[in-house]
Amino acid sequence: MAVNVIDRSLKALTRRYPKPFVKLVLDSTEGVAVATIENPEINLPERRLDFVYGLRLDDQEYLLHLEFQLQHETDLPERMFTYNALLTAAYRRPAISAVICLARQEYRRLPEAYAVTFRSRAVHTFTYRVIRLWEYEEAIAGGELKELAPLLVLLAEKGKEEAALARTRELVLAIGDEKHRADALSVAITVAARYFSRDFLLEFFKGEMEMLQEASIVQEWINEGLERGRKEGLAEGLEKGLAEGLEKGRKAGKLEGEIETLQRDIQEVLEERFGRVKKGMGKKLAAIDDPAVLRSLLKKSVRVKSLEEFARLLEEV
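These figures come from a predicted structure and were not determined experimentally.

About the cut-offs
- Residues numbered from 1 in each chain as written.
- Predicted model: local features only at pLDDT ≥ 70, side-chain atom pairs only at ≥ 80, totals over all residues.
- Heavy atoms only, no water.
- Buried < 20%, exposed > 50% of the residue type's maximum accessible area, 1.4 Å probe, protein only.
- Helix = DSSP H or I, 4+ residues; strand = E, 2+ residues; numbered from the N terminus.
- Arc of directions from axis to C-beta.
- Pairing = 2+ DSSP bridges.
- Salt bridge = Lys/Arg side-chain N within 4 Å of Asp/Glu carboxyl O.
- Phe/Tyr/Trp six-rings, centres within 6.5 Å; stacked < 30°, edge-to-face > 60°.
- Contact = heavy atoms within 4.5 Å.
- 1 Å grid on protein atoms, 1.4 Å probe; cavity = no way out; pocket = protein on both sides within 12 Å on 5 of 7 lines; lining within 4 Å.
- Points joined across faces, edges and corners; volume = space filled by probe spheres on them.
- Nonpolar A, V, L, I, M, F, W, Y, C, P; charged D, E, K, R; others polar.
- Domains from an automatic or database assignment.
- Axes fitted to C-alpha atoms, helices over the stretch in contact; angles between N-to-C directions.
- Parallel < 35°, antiparallel > 145°, perpendicular 65-115°, else oblique.
- Left-handed = near helix turned anticlockwise from the far one by under 90°.

Peer 1: Sorry if this is basic, but what is going on with helix H11 (residues 279-286) here?
Peer 2: Helical geometry note: an α-helix holds 3.6 residues per turn, so side chains three or four residues apart project in the same direction. Of all the positions in H11, only Met-281, Gly-282 and Leu-285 are classed as buried. Here the buried residues of H11 occupy an arc of 100° about the axis, which is enough to place them on one side.

Peer 1: What's the story with the pairing of strand S4 (residues 113-118) in this structure? I'm lost.
Peer 2: Side-chain positions along a regular strand alternate between the two faces of the sheet. Two elements, S4 and strand S5 (residues 121-127), share six bridges in a ladder whose sense is antiparallel. Bridge pairing in S5 places Val-116 opposite His-124. In sequence, S4 turns back onto S5 through a hairpin of two residues, with Arg-119 there showing a positive phi of about 55°.

Peer 1: Honestly, the pattern of salt bridges in this entry has me stumped. Any pointers?
Peer 2: Pairing is possible between side chains of opposite charge, provided their charged atoms come close. By the definition in use, this model includes 12 salt bridges. Between Lys-146 and Glu-147 there is a salt bridge, and its shortest N-O distance comes to 4.0 Å. Residue classification places Lys-146 among the partly exposed positions, given a relative accessible area of 45%. A salt bridge links Glu-157 to Lys-160; the nearest nitrogen and oxygen atoms lie 3.5 Å apart. Take Glu-157: its relative accessible area is 38%, and that puts it in the partly exposed class. Within this structure, Arg-56, Glu-61 and Arg-93 form a network of salt bridges that share partners.

Peer 1: Any chance you could explain the packing of aromatic side chains here in plain terms?
Peer 2: When we look at a pair of aromatic rings, we describe it by the centre distance and by the angle of the planes. Applying the stated criterion across every chain, the model contains seven aromatic pairs. Taken together, a centroid distance of 4.8 Å and an interplanar angle of 55° make the contact between Phe-51 and Tyr-53 tilted. Since its relative accessible area comes to 40%, Phe-51 is described here as partly exposed. Residue class for Tyr-53 comes out partly exposed when judged on its relative accessible area of 40%. Among the aromatic residues, those joined into a ring-pair cluster are Phe-81, Tyr-114, Phe-126 and Tyr-128.

Peer 1: Looking at this model, I keep getting lost on unusual backbone geometry. Mind explaining?
Peer 2: Most peptide bonds are trans, and most residues other than glycine sit at a negative phi. One non-glycine residue, Asp-58, adopts positive backbone phi at about 55°. Of note, Asp-58 is situated in the loop between strand S1 (51-57) and strand S2 (60-69). With relative accessibility at 68%, the residue Asp-58 sits in the exposed group.

Peer 1: Help me understand the environment of Met-211, please; the structure alone is not making it clear to me.
Peer 2: The topology assignment puts Met-211 in the loop between helix H8 (198-204) and helix H9 (219-232). With a relative accessible area of 19%, Met-211 lands in the buried category. When the C-alpha atoms of Met-211 and Ala-182 are compared, they prove to be 5.9 Å apart, with 29 residues separating the residues in sequence. Setting aside chain neighbours within four positions, we find Met-211 in contact with Leu-173, Arg-181, Ala-182 and Leu-185.

Peer 1: Explanation requested: the layout of surface pockets in the structure shown.
Peer 2: By rolling a water-sized probe across the atoms, one finds the places where empty space is left. Estimated volume of the largest pocket: approximately 960 Å³. What lines the largest pocket is a set of 36 residues, and nearest its centre among them are His-72, Glu-73, Thr-74, Asp-75 and Gln-267. Put simply, the parts of the chain that give the lining of the largest pocket at least two residues each are S2, helix H3 (76-91), S4, helix H10 (234-274) and H11. At eight residues, H10 tops the list of elements feeding residues into the lining of the largest pocket. Considered class by class, the residues forming the lining of the largest pocket number 14 nonpolar, seven polar and 15 charged. Residue assignment places the lining of the largest pocket across two domains, with domain 1 (6-34 + 47-134) and domain 3 (255-316) each supplying three or more. Its boundaries defined by the atoms lining it, the second largest pocket holds a volume of some 600 Å³. Lining the second largest pocket are 21 residues, with Leu-66, Phe-68, Ile-100, Leu-148 and Leu-151 positioned closest to its centre. Elements with a contribution of two residues or more to the lining of the second largest pocket: S1, S2, strand S3 (95-101), strand S6 (129-132) and helix H7 (178-192). Considered class by class, the residues forming the lining of the second largest pocket number 18 nonpolar, one polar and two charged. Shared between two domains, the lining of the second largest pocket takes at least three residues from each, and those domains are domain 1 (6-34 + 47-134) and domain 2 (140-214).

Peer 1: I would appreciate a short explanation of the packing of helix H6 (residues 161-173) against H7 in the present structure.
Peer 2: In a pair of packed helices, the angle between the axes and the distance between the axes together describe the arrangement. Running from N to C, H6 and H7 cross one another at 165°; their axes reach a closest spacing of 9 Å. Between H6 and H7, the angle falls in the class roughly antiparallel. Where H6 crosses over H7, the two elements pack in a sense that is right-handed. Within the contact between the two elements, H6 uses Leu-165, Thr-168, Val-172 and Leu-173 and H7 uses Arg-181, Ala-184, Leu-185, Ala-188 and Ala-192.

Peer 1: Teacher, can you tell me more about the side chain of Asn-84 here?
Peer 2: Turning to its location among the elements, Asn-84 is positioned in helix H3. Residue classification places Asn-84 among the buried positions, given a relative accessible area of 11%. Residue contacts for Asn-84: discarding those within four places in its chain leaves Ala-95, Ile-96, Ser-97 and Phe-126.

Okay, here's the thing in structure tokens:
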């Protein structure tokens, strides 16, 4: 009862005297228009997180939330803030948030916080860990973090991908558990399909084809091949099924990589010329998945005279 009374009293007070409360938080109300939002509600769409662990340390429970990024997305800081808040509210325990950047890239800047600024001063700041996975390449290849071996190709310097793939195979084949070994191998091949042709991968992993029968991760790739295998011979059918899956993965990966590169190049050109790109523009740019359109926009990003002019071009897409 007392809590409800206090709650109603505060609502009445803040409704009647908005400026003192605003001044408490922002230090000044000069030039600030204040209006009461009646019966505010927050309706959020369903959010899918990449991965969450439950942790316990002594008598304290935590959540560890991981978001994986092949390319840093402009709205990620705000999303990390939102995810952390929603996780904390939903599970009633502290949430630790981290971004793991997977593919080796030279970022000029990589945000590690979401900040709300008012008159050039940070009023709120939410920070989160950013892991540049390529900085751990030696630890993975050396065996300290050998469980991450299927990702080594992503971390390799240009021109060293094949050597990274060979080390991946060594580390995977050293896994003792047969099922875990098969799953790790399937992940390694899936990742490698972004960089290598189907024929190359089939030849490179020729000796491991039979092992993949135990991998749960790639069953959707090889089921059709296994069906053919009943008629044509298991090994041949398996190879065909896997080959088709690799080809699909290679094409999708190549197209996705081109789209990501074009989107990043446009963003960097605009930021270099005009400063920070607004979140809304970044979202519209990220929604374009036609390479031809993106190539055209990249050329125009060099010629436009303002961000507003480029925003108008986006509206016409």
